[in-house]
Amino acid sequence: MVAIVRRYDIFHGLTPQGLRQMLEELGPTFVKAGQILSMRSEILPQSFTRELGKLRTNVEPMDRDTVLSALRAEYDRPIEDIFDAIDDCPLGSASVAQVHKARLVTGELVAVKIQRPHVQEIMAQDISIMRSLARYASRFMGGEQFLDLQSVVDELWQSFREETDFLVEARSLEEFRRNNADCAFVDCPKPYPALCTRHVVVMDYVEGIPIDDKRRLVREGYDLSEIGIKLVDNYTSQMLDDGFFHADPHPGNLVIHEGKIVYLDLGIMGRLSSHDRRAVRDMVFSVARCDSAGLADGLMRFSVSDTAGVDQAHLLADLDAIVADFGLSDLSDLDIGSFLNALISMAQKDGIELPGTVTMLARSLVTLEGVAHDLLPETSIVEIIQSHIKAHVSSEELARREVRRLADETIAATHSLLGAAGEAKLAMRMLTRGQLRVNLDMPGTMDPLEDLARIANRLTMSVIVAGLFIGSSVVYYARIQPVIFGIPIIGFLGYLAAFVLGVWVALDIIRENHRRRRR
């Protein structure tokens with residue numbers, strides 16, 4: 001390994017192609033690391049991620065004796081009592097595992113994913129070497145090429161640990177099937193939990209048409225545009241409705257079988273919290289509206305670091321530049337890959353640290369766009385995502401979201417008022433001590449202080465009205481008894497008070513305007 005690293009002279013600059021070739025020579029563990037890094041555009045520059053995406057997935061397969069030995073080590077009974085036949089030739093062979101077609105003694109055709117023996121121990125040794133390399137490489141490589149290599153290696157180890165526990169993948173298969181049970185056109189292989197272990201996954205064998213084999217799909221009578229729309233629509237449901245999405249939707253993991261889009265290899269899955277899903281929805285519409293402020297708000301909500309020191313003016317200026325580059329064309333012409341990479345790079349530069357799940361989602365959308373573009377060359381996936389959101393959000397849900405938004409804004413406004421009050425108290429103390437003098441001159445007004453007091457009173461009343469409205473809405477949705485005309489009495493009184501005070505504020509403003517005109 002040392003000889004390979006020296007040959008590529010990594011301490012004096014490494015090209016994207018050189019990094020890919022070096023990882024291939026270093027072996028399967030490093031190939032897997034490169035494949036993971038190819039999906040992390042916030043860690044490596046785009047030129048590196050694009051090149052690492054070319055890393056081979058096929059490695060030297062295990063021989064039959066090794067496969068059978070690995071299977072026997074996993075079960076407390078003879079494998080002949082479980083499998084009637086196992087194909088010698090693997091369906092696929094990767095750095096962590098390989099897959100064989102088999103038949104159970106009960107007659108079902110299955111795919112058996114077998115982990116390579118001692119792969120975790122080998123990975124642990126390789127990760128230790130990676131840590132040493134990263135520690136030395138960080139001293140010589142500039143920040144423009146790499147970011148915090150030590151944390152990258154730690155993250156890779158965590159990913160390896162999760163990916164080498166095949167019980168996680170078995171549970172993912174079950175959860176994915178539950179989430180899509182009501183979807184007539186999406187499926188994944190059914191796992192056999194009683195036969196799954198930490199190192200073996202047994203699932204239904206699915207032999208479908210690869211989603212990128214367009215000629216065969218057309219020959220079999222499939223409508224390519226229908227497949228593309230359903231693929232993106234369902235993926236949107238995974239992201240925004242379930243919060244559990246396939247994180248590597250490349251063509252090799254998607255087949256068409258009996259009229260269904262079947263997702264294969266659920267070893268890498270992503271999760272989004274309800275908070276993150278709302279932020280994604282808002283950002284999708286911000287893209288369509290070319291709304292830089294909306295994009296900024298979404299990025300700030302995603303940040304896992306403190307955003308107090310973020311330069312808001314600089315952030316908005318950077319987003320304005322991105323919107324000018326990508327947002328002025330039709331959605332059908334939007335290059336979502338370049339857009340997301342630009343957005344992630346900009347967030348990084350402005351001190352907004354995005355969580356790994358978000359960057360995983362961004363990379364997944366880029367991969368999905370490539371698949372969808374072959375099926376729907378004239379349509380942007382953003383258009384389909386927007387249509388899904390509009391079709392699947394009820395008016396009641398929209399009302400609840402609006403109430404939550406108003407509540408958040410009211411709380412923020414209240415904190416701002418309290419902060420202003422504290423500053424005013426300090427200013428008044430300095431004024432009474434003779435440490436502060438104020439010269440106030442407001443053209444168009446006879447008594448500036450009186451006008452300011454009137455403005456403050458109206459603002460206070462407006463906050464009270466908003467608070468009453470939000471509180472009453474919460475009571476309404478909670479259905480607190482007793483109820484009159486379908487509305488809880490407490491909520492009704494709150495609405496009534498908000499209405500009366502709101503009318504009073506409006507009439508006061510109208511009267512003031514009339515007085516000013518008569519002057």
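Residues numbered from 1 in each chain as written. Predicted model: local features only at pLDDT ≥ 70, side-chain atom pairs only at ≥ 80, totals over all residues. Heavy atoms only, no water.

The name an unreviewed UniProt entry gives the protein chain is AarF/ABC1/UbiB kinase family protein, with Olsenella profusa as the organism. Here the protein chain is described in UniProt, under the heading Sequence similarities (unreviewed entry), as follows: "Belongs to the protein kinase superfamily. ADCK protein kinase family." (UniProt positions renumbered as here; feature names shortened; annotations may be inferred.)

Asks: Got a sec to walk through the pairing of strand β9 (residues 254-257)? Specific residues and values, please.
Replies: Strand direction decides the pairing type here: strand β7 (residues 209-210) and β9, joined by two bridges, are antiparallel. From the neighbouring strand, Pro-210 faces β9, where its bridge partner is Val-255. As defined by bridge partners, β9 adjoins strand β10 (residues 260-263) across four bridges and the pair is classed as antiparallel. By the bridge assignment, His-257 is partnered in β10 with Lys-260. Adjacent in sequence and paired antiparallel, β9 and β10 are bridged by two residues, among which Glu-258 carries a positive phi angle near 50°. (Pairing = 2+ DSSP bridges. Helix = DSSP H or I, 4+ residues; strand = E, 2+ residues; numbered from the N terminus.)

Asks: Pulling in residues and values, what's your account of the sheet that holds β7?
Replies: Strand pairing in a sheet is mediated by backbone hydrogen bonds. Such pairs are either parallel or antiparallel. In space, the four strands of this open sheet follow the order β5-β10-β9-β7, with mixed pairing throughout. Looking at which strands have only one partner, the edges of the open sheet turn out to be β5 (186-187) and β7. Relative to β10, β5 is paired through two bridges, and the arrangement is parallel. Its bridge partner lying in β10, Asp-187 is registered against Val-262.

Asks: I'd love a proper account of the environment of Arg-216, names of residues and values included.
Replies: Mapped onto the fold, Arg-216 is located in helix α9 (residues 214-219). On the accessibility criterion, Arg-216 (33% relative accessible area) is partly exposed. Setting aside residues no more than four positions away along its own chain, Arg-216 makes contact with Gly-208, Ile-209 and Pro-210. (Buried < 20%, exposed > 50% of the residue type's maximum accessible area, 1.4 Å probe, protein only. Contact = heavy atoms within 4.5 Å.)

Asks: Residue-level account of the nonpolar core, with values.
Replies: Core analysis: the largest hydrophobic core is formed by 93 residues, its most contacted members being Tyr-263, Leu-299 and Leu-365. Residue contributions to this core peak at eight residues, all from helix α15 (residues 356-375). When sequence neighbours within four positions are dropped, the list of residues in contact with Leu-299 reads Met-283, Leu-319, Leu-343, Met-346, Ala-347, Ile-352 and Leu-354. Core analysis: the next-biggest nonpolar cluster, separate from the first, contains 19 residues, Met-62, Ala-70, Ile-114 and Val-200 among them. (Core = buried A, V, L, I, M, F, W, Y, C linked by side-chain atoms within 4.5 Å.)

Asks: Help me get a handle on a nonpolar patch on the surface, residues and values and all.
Replies: A cluster of nonpolar side chains, Ile-484, Ile-489, Phe-492, Leu-493, Leu-496, Phe-499, Val-500, Val-503, Leu-507 and Ile-510, forms an exposed patch at the surface whose accessible area comes to about 840 Å². For Ile-489, the location among the structural elements is in helix α19 (residues 489-518). For Ile-489, a relative accessible area of 34% translates into the label partly exposed. (Patch = residues over 30% accessible without salt bridge, like charges linked within 9 Å, V, L, I, M, F, W, Y side chains within 5 Å. Areas by Shrake-Rupley, 256 points an atom, 1.4 Å probe, with all protein chains shown as cover. Salt bridge = Lys/Arg side-chain N within 4 Å of Asp/Glu carboxyl O.)

Asks: Let's hear about α15: which residues, and what values?
Replies: The terminal C-alpha atoms of α15 lie 29 Å apart, and with 20 residues this matches the ideal 28 Å at 1.5 Å per residue to within 8%. Where α15 is concerned, the buried positions are Val-358, Thr-359, Leu-361, Ala-362, Ser-364, Leu-365, Thr-367, Leu-368, Glu-369, Val-371, Ala-372 and Leu-375. (Expected span 1.5 Å × (residues − 1).)

Asks: Tell me about the confidence of the model for the protein chain, residues and numbers included.
Replies: The share of residues in the protein chain with pLDDT of 70 or more is 78%, and the mean pLDDT across the chain is 79. Low confidence marks residues 142-147, where pLDDT is under 50. Its contacts with residues over four positions away, or in another chain, come to 12 contacts. (pLDDT = per-residue confidence, 0-100.)

Asks: Give me the packing of aromatic side chains: which residues, what numbers.
Replies: Taken as a whole and assessed by the stated rule, the structure comprises three aromatic pairs. An angle of 65° between the planes, with centres 6.3 Å apart, marks the rings of Tyr-235 and Phe-245 as edge-to-face. On the criterion of sequence distance, the pair formed by Tyr-235 in helix α10 (residues 224-242) and Phe-245 in strand β8 (residues 244-246) is long-range, its members being 10 residues apart. Residue Tyr-235 shares its accessibility class with Phe-245, and that shared class is buried. (Phe/Tyr/Trp six-rings, centres within 6.5 Å; stacked < 30°, edge-to-face > 60°.)

Asks: Describe in detail the environment of Ala-321, supporting the description with residues and values.
Replies: Checked against the element boundaries, Ala-321 lands in helix α13 (residues 312-326). With 29 residues separating them along the chain, Ala-321 and Ser-292 place their C-alpha atoms 9.2 Å apart.

Asks: So what about the pattern of salt bridges? Which residues, and what values?
Replies: A complete count under the given rule lists 12 salt bridges for this structure. Close ionic contact of Arg-72 with Glu-80 constitutes a salt bridge, the shortest N to O distance being 3.2 Å. By relative accessible area, which is 47% here, Glu-80 ends up partly exposed. One salt bridge in this structure joins Glu-175 and Arg-271, with 2.7 Å as the shortest N-O distance. Pair noted here: Glu-175 is in helix α8 (residues 166-179) and Arg-271 is in strand β11 (residues 269-271), with a separation of 96 residues, a long-range link. Through salt bridges that share partners, Lys-113, Glu-169 and Asp-265 make up one connected network.

Asks: Report on α8, specifying residues and quantitative values.
Replies: Spanning 14 residues, α8 covers 20 Å between terminal C-alpha atoms, matching the ideal 20 Å at 1.5 Å per step. Taken as a whole, α8 has its buried residues at Phe-166, Glu-169, Ala-170, Ser-172, Leu-173, Glu-175 and Phe-176.

Asks: Got a sec to walk through unusual backbone geometry? Specific residues and values, please.
Replies: Although it is not a glycine, His-118 adopts a positive phi angle of roughly 60°. Note that His-118 resides in the loop between β4 (109-115) and α6 (119-140). Taking the relative accessible area as the measure of exposure, His-118 reaches 57% and is therefore exposed. Located in the positive-phi region is Glu-258, a residue other than glycine, with phi close to 50°. With respect to the secondary-structure elements, Glu-258 resides in the loop between β9 and β10.

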